[in-house]
Amino acid sequence: MHILLKVNLFQEKKFQKSLTFTMNSFRSPQIPDGVVKLITCNLLSGQYNWGYSRALEDGFYDIGCGNYLPCAQTVMQCLVDLSGGDQLAALNEYTTYCNAYSGKNISLESALKQLVNGTQYLISNPSSNATNYAPLAFSMKNLEENYNFFHFIFMNFYWAFDCSMLINLTVLAVIILLAIEQKFQFPWLRKIRSRFTSTISNTHHTETKIGGWYVTILPTIGETYILLFLLVICVLSSVVYYPLYESNTGEGKIAFLAKCIANRTGGIAFGLLPLTVLLAGRNNMICWLTGMPYCSMIFYHKWAARLMTLYGSVHGVLWIGYLVWNQRGEFMNYSKDTILILWGFLICIISVILIIKSVYMWKSRHYELFLSLHIILAAVFFYGCYKHSEELGWLGWINLSVALWFMDRILRLFKIFKFGGLKLAYCKVLDPDNEIFQITIPNAGSMKFFPGCYAFLYVLNTKLFWHSHPFSLMKQGDKIIIVIKAKTGMTKELYNKLPKDGTNYPIRVCLEGPYGHNAPVDCYDHALLITSGTAIAGPISYLQRMQKIDDCHFIWIISNERFLDHMRYALEPLMVDNRCSLDIYITRPLGLDISWVPKSTRIHIGRPNIDDVVHEDLSCWKNSAVVSCALPLIDDHVRNSVAREMSLGTVDFYDELQVW
């Protein structure tokens, strides 16, 4: 039974060596049909008692491949029957695989003589209790049932590639459709965009509490529909076409179904690896083709990882459950010496840990710790995947995933070096009450700046200097300016070092970027830009670069006048542009002097009514772009207000806020 267990695990060493030519492929090697027949016939003959005592050195194939002639003749006749009576083809398979797996040197001529001799003594309908000294003949129904049992179990390893390709090609089709739809403005398409842009329950970037304790961020309706469609494809690919068979080895239809599902889900789990890595990368073509923000990529990355973990866990649980049921006495000893099981168990545990620690409510509060653990565990996970599957196939998926990971890192380094590597920058506090400070980088290098772009900032003066955080960029001359609200981690550590009197504090920084999309606001007749607090960088950059647009409306929501004074250098040139109307809402005024603000700029005390502002603004224009980069609650409100207007005219929404 221990040898039978090895065959069930696809672990016959000589068989593995014969398949090494496919080990770097994306598909698990297909077992030759002759091998499936030989396994079937050996297992069927092994259910009967023979007048032969097995030696300790006998392998799974030895008794049926010549060690005991009546058993060998039984296997030969079984192969002939499974081959439709073609003796030459059957014996050719018998000698080829018996010689390969049992170390024998059986010639075709001698095998034919043994078969012809054995046909004179064949016993039909043998007794399961008697000791047999003559070859046995099995019914075709019995043979076909057992052959199909093993054929479909092994084929589900092979079909896992087709299922993986179906999932990945579906993702590719969705990407192409999303890229194409941006080019058209049909009325029915605008209605779909309006629906897809909306939030599920009025929140998208805003934290949502579920069940009174679980904090998360919810996807948009569009992201939800796309995810549900992909989930349906994933489920269908893993549940269709499982014809039920049973074997004379004592394994019924439940064991058959468990093995088939385990084999297929294991292959699908590896097929999801490249997609999981690609979606997590900062430099992926999906963002560029579809216009989706990076936070959407992270949303889909999480779900790809969850699906991969689910499939891998189903694969592992079903196989371990089967082994415990079938070999509970030998399982522990066997598993200790089997790399396949040890690494498989480890990568299942690691993948579950990666999923659990990546939940928003933990990651958002311990980002630096999350990132360090994520990289370390991911590296161990990939090595474990390689060790688990190096004798089964599917290494192509792992190699592609690792290549995508390294490519993303190389492009990150390229962007850092293009910016100029490590540079001197200056920090100063703008608003100590709200812990707002600014980083000014004097020389932007050759980094290609565009409105709405963001970059990942590395600060040498912090403990975890190799960690980076994304910030929107603003350009003034050859300077890059980053305005930051101190929160936790790196930003809080850096803020605590700064003098609170506004004195410049020198630091060393690297910028990796730019990332993001340049919303084509110049292609519209009108633009509405809404921002709040320190998120002003993107909208200001758009206003500075607008040349062809006829009219624009800029709304800025801030807590007090102090920050308004600090941004005077960026706002004053805009206040004299007749094409741009400015509305500034101060929610908690300090009574500071802002007489420098021209009368054409409207100052409001309190918060704006977003629904009214959006409706009144967009109702005057038929072709408008709305750019929003504000606090999550405000940004979500703008999103839903604009979504209601999108079906009424050519209105497009560009969300510059990134939360993941």
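Everything here concerns the structure above.
Quick caveat, the model's predicted, so the values are computed rather than measured.

Cut-offs used in this document
- Residues numbered from 1 in each chain as written.
- Predicted model: local features only at pLDDT ≥ 70, side-chain atom pairs only at ≥ 80, totals over all residues.
- Heavy atoms only, no water.
- Helix = DSSP H or I, 4+ residues; strand = E, 2+ residues; numbered from the N terminus.
- Buried < 20%, exposed > 50% of the residue type's maximum accessible area, 1.4 Å probe, protein only.
- Contact = heavy atoms within 4.5 Å.
- Areas by Shrake-Rupley, 256 points an atom, 1.4 Å probe, with all protein chains shown as cover.
- 1 Å grid on protein atoms, 1.4 Å probe; cavity = no way out; pocket = protein on both sides within 12 Å on 5 of 7 lines; lining within 4 Å.
- Points joined across faces, edges and corners; volume = space filled by probe spheres on them.
- Pairing = 2+ DSSP bridges.
- Axes fitted to C-alpha atoms, helices over the stretch in contact; angles between N-to-C directions.
- Disulfide = S-S within 2.5 Å.
- Salt bridge = Lys/Arg side-chain N within 4 Å of Asp/Glu carboxyl O.
- Phe/Tyr/Trp six-rings, centres within 6.5 Å; stacked < 30°, edge-to-face > 60°.
- Parallel < 35°, antiparallel > 145°, perpendicular 65-115°, else oblique.
- Left-handed = near helix turned anticlockwise from the far one by under 90°.
- Nonpolar A, V, L, I, M, F, W, Y, C, P; charged D, E, K, R; others polar.

### Description of the overall build of the chain
Counting secondary structure elements, the chain contains 24 helices and 19 strands. When the backbone C-alpha atoms are referred to their principal axes, the chain occupies close to 115 × 55 × 45 Å. Classification of the 660 residues of the chain by burial places 55% in the buried group. Long-range contacts, defined here as pairs at least 24 residues apart, represent 73% of the contacts in the chain between residues at least 6 apart. Accessible surface computed for the chain: about 29,400 Å², of which carbon and sulfur atoms make up 61%.

### Focus on empty space enclosed by the protein
Using the criterion set out here, one finds four cavities of 30 Å³ or more in the structure. Reported here for the largest cavity is a volume of approximately 250 Å³. Lining the largest cavity are 20 residues, and of these Val171, Leu230, Leu275, Leu279 and Tyr300 sit closest to its centre. Elements represented by at least two residues in the lining of the largest cavity include exactly α7 (140-181), α9 (221-239), α11 (273-280) and α13 (294-326). By residue number, the principal contributor to the lining of the largest cavity is α7, which donates six residues.

### Here we look at the sheet that holds strand β12 (residues 479-485)
Read from one edge of the open sheet, seven strands run β10-β9-β13-β7-β8-β12-β11, paired in antiparallel fashion. In the strand order of this sheet, the two ends are held by β10 (469-472) and β11 (474-476), each with one partner. In this sheet, neighbouring strand axes are inclined to one another by 40° on average, regardless of whether the strands run parallel or antiparallel. Two elements, strand β9 (residues 454-459) and strand β13 (residues 505-515), share five bridges in a ladder whose sense is antiparallel.

### Observations concerning the state of the cysteines
As used here, a disulfide is simply a covalent bond connecting the sulfur atoms of two cysteines. Here the structure, examined in full by the defined rule, presents two disulfides. With its sulfur 2.1 Å from that of its partner, Cys41 forms a disulfide with Cys78. Disulfide Cys41-Cys78: torsion about the S-S bond near -80°, hence left-handed. Of the two residues, Cys41 is situated in helix α3 (residues 33-45) and Cys78 in helix α4 (residues 69-82); the sequence distance between them amounts to 37 residues. A single burial state applies to Cys41 and to Cys78, both of which are buried. Between Cys65 and Cys98 runs a disulfide, and the two sulfur atoms are separated by 2.0 Å. One quick way to see it: the torsion about the S-S bond of Cys65 and Cys98 is about -65°, and its sign makes the bridge left-handed. In this pair, Cys65 sits in the loop between β1 (49-50) and α4 while Cys98 sits in helix α5 (residues 87-102), placing the two residues 33 residues apart along the sequence. We note that Cys65, like Cys98, is buried. Here the chain pairs its bonded cysteines, counted in sequence order, in the arrangement 1-3, 2-4. The thiol of Cys163 is not disulfide-bonded; the next cysteine sulfur, from Cys234, is found 10 Å away. With no disulfide of its own, Cys580 lies closest to Cys552 among cysteine sulfurs, the gap being 3.2 Å.

### Observations concerning the sheet that holds strand β19 (residues 650-655)
Read across the sheet, six strands follow the order β17-β16-β15-β14-β18-β19 without closing on themselves; strand pairing throughout is parallel. The open sheet terminates on both sides in strands that have one partner only, identified here as β17 (602-605) and β19. If you compare each strand with its neighbour and ignore which way they point, the axes differ by 15° on average. Where strand β14 (residues 526-532) meets strand β18 (residues 623-629), six bridges bridge the pair, whose relative direction is parallel. From the neighbouring strand, Ala527 faces β18, where its bridge partner is Ala625. Across the sheet, helix α22 (residues 568-575) is in contact with β15 (551-558) and β16 (580-586); its angle to β16 comes to roughly 140°. Packed on one face of the sheet, helix α24 (residues 632-646) meets β14, β15, β18 and β19 and runs near 160° to β19.

### So, the pattern of salt bridges
Between side chains of opposite charge, pairing is possible as soon as their charged atoms come close. Counted by the stated rule, this structure contains 19 salt bridges. Here Glu251 and Lys259 are joined by a salt bridge, their closest N and O atoms 2.8 Å apart. Each member of the pair, Glu251 as well as Lys259, carries the same accessibility label: buried. Ionic pairing is found between Arg644 and Asp611, a salt bridge with its closest N-O pair at 2.8 Å. Here Arg644 is found in helix α24, whereas its partner Asp611 is found in helix α23 (residues 610-618), with 33 residues between them in sequence. The network of salt bridges with shared partners includes Arg282, Asp408, Arg409, Arg412 and Glu512.

### Quick notes on the packing of aromatic side chains
Taken as a whole, this structure holds 35 aromatic pairs when the rule is applied. For the pair Phe149 and Phe150, a centre-to-centre distance of 5.1 Å together with 80° between the ring planes defines the contact as edge-to-face. With respect to class, Phe149 is no different from Phe150; both count as buried. Ring plane angle 40° and centroid distance 6.1 Å describe the contact between Phe161 and Trp397, whose orientation is recorded as tilted.

### Thoughts on the pairing of β12
Buried residues dominate β12, accounting for five of its seven residues. Two strands pair when backbone bridges link them, and strand β8 (residues 436-441) and β12 are joined in this way by six bridges, in the antiparallel orientation. For Thr440, the partnering residue across the bridge sits in β12 and is Ile481. As judged from the three bridges shared by β11 and β12, these two strands associate in the antiparallel manner. The residue bridging Gln476 from the neighbouring strand is Lys479, located in β12. Counting the residues between successive antiparallel strands, the hairpin from β11 to β12 contains two residues, one of them, Gly477, with a positive phi of roughly 65°.

### Concerning the packing of helix α8 (residues 187-197) against α24
With their axes 8 Å apart at the nearest point, α8 and α24 run at an angle of 165° to one another. Between α8 and α24, the angle falls in the class roughly antiparallel. Like other packed secondary-structure pairs, α8 and α24 cross with a definite hand, here left-handed. For the pair formed by α8 and α24, the contact residues are Arg190, Arg193, Ser194 and Thr197 on the first element and Arg639, Ala643, Arg644 and Met646 on the second. Its residues assigned to classes, the contact of α8 with α24 comprises two nonpolar, two polar and four charged.

### Details of the environment of Trp466
Of note, Trp466 is situated in the loop between β9 and β10. Residue classification places Trp466 among the partly exposed residues on the basis of a relative accessible area of 49%. In this structure, the C-alpha to C-alpha distance between Trp466 and Ile439, residues 27 residues apart in sequence, is 18 Å. Not counting residues up to four positions away in its chain, the partners in contact with Trp466 are Ser372 and Tyr458.

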